[in-house]
Amino acid sequence: MRLYHNPRCSKSRQAVALLHEAGFEFEEYRYLSNGVHVDDIELISSIPNIIRKKDVVGDVDVKNIKQNSIKELLLEQPKCMERPVLVHNNQAVLGRPPEAILEFLQNQ
């Protein structure tokens, strides 16, 4: 279980706290320094609203972007990924709100 985490993001910190409180073991993955893991790019790029429009650098039409372009964008600009994201059992969920991660895990 891998949690894409940005320690400066309050929602991301909340997700970490919720997972610890619930007793889950997980990898706290620092995607800003490590980038998006190649094993997860397909799953993450398919999450609706995964791109943080305000963090995209350059002339990118985010409204009309296709999944292949989302993959490229996330690999090139990991900062533009919405967070937190949990990847578990070949599925991924966006933790907005962070409680969505616990709901996802309860339904596994």
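Residues numbered from 1 in each chain as written. Predicted model: local features only at pLDDT ≥ 70, side-chain atom pairs only at ≥ 80, totals over all residues. Heavy atoms only, no water.

K.L.:
When you look at the sheet that holds strand 1 (residues 2-4) in this model, what are you seeing that I'm missing?
P.N.:
Backbone-to-backbone hydrogen bonds pair the strands of a sheet. The strands run either parallel or antiparallel. Taken in spatial order, the 4 strands of this open sheet run 2-1-3-4, and their pairing is mixed. Edge positions in the sheet fall to strand 2 (27-29) and strand 4 (91-94), since each has one partner strand and no second. Shown here is a sheet whose adjacent strand axes are inclined to one another by a mean of 20 degrees, direction ignored. One ladder, built from 3 bridges, connects strand 1 with strand 2; its direction is parallel. Within the sheet, the bridge partner assigned to Leu 3 lies in strand 2 and is Glu 28. In the packing of helix 1 (residues 10-21) onto the sheet, contacts are made with strand 1, strand 2 and strand 3 (85-88), and the angle to strand 1 comes to roughly 155 degrees. (Pairing = 2+ DSSP bridges. Helix = DSSP H or I, 4+ residues; strand = E, 2+ residues; numbered from the N terminus. Axes fitted to C-alpha atoms, helices over the stretch in contact; angles between N-to-C directions. Contact = heavy atoms within 4.5 Å.)

K.L.:
Help me understand the pattern of salt bridges in this model?
P.N.:
For the structure shown, the criterion picks out 7 salt bridges. With a closest N to O distance of 2.6 Å, Arg 2 and Asp 40 form a salt bridge. One end of the pair, Arg 2, is in strand 1; the other, Asp 40, is in the loop between helix 2 (31-34) and helix 3 (41-45), with 38 residues separating them in the sequence. Accessibility classification places Arg 2 together with Asp 40 in one group, the buried group. (Salt bridge = Lys/Arg side-chain N within 4 Å of Asp/Glu carboxyl O. Buried < 20%, exposed > 50% of the residue type's maximum accessible area, 1.4 Å probe, protein only.)

K.L.:
Any chance you could explain the side chain of Ser 45 here in plain terms?
P.N.:
Inspection of the secondary structure puts Ser 45 in helix 3. Look at Ser 45 and you get buried, because its relative accessible area is 3%. In this structure the side chain of Ser 45 is engaged in a polar contact, spanning 3.1 Å, whose partner is the backbone oxygen of Glu 42. Non-local contacts of Ser 45, meaning those with residues more than four positions away in its chain, are made with Ile 50, Gln 67, Ile 70, Lys 71 and Leu 74. (Polar contact = N/O pair within 3.5 Å; in protein donor to acceptor, adjacent residues only side chain to side chain.)

K.L.:
Would you explain the packing of helix 1 against helix 5 (residues 99-106) in this entry?
P.N.:
The axes of two packed helices give the description: the angle between them and the distance between them. Contact pair helix 1 / helix 5: the axes reach a minimum separation of 8 Å and the direction vectors enclose 40 degrees. Taken together, the axes of helix 1 and helix 5 are oblique relative to one another. In this structure, helix 1 uses Ala 15, Leu 18 and Leu 19 to contact helix 5, whose residues at the interface are Glu 99, Ile 101, Leu 102 and Leu 105. A breakdown of the residues in the contact of helix 1 with helix 5 according to their chemical character gives 6 nonpolar, no polar and 1 charged. (Parallel < 35°, antiparallel > 145°, perpendicular 65-115°, else oblique. Nonpolar A, V, L, I, M, F, W, Y, C, P; charged D, E, K, R; others polar.)

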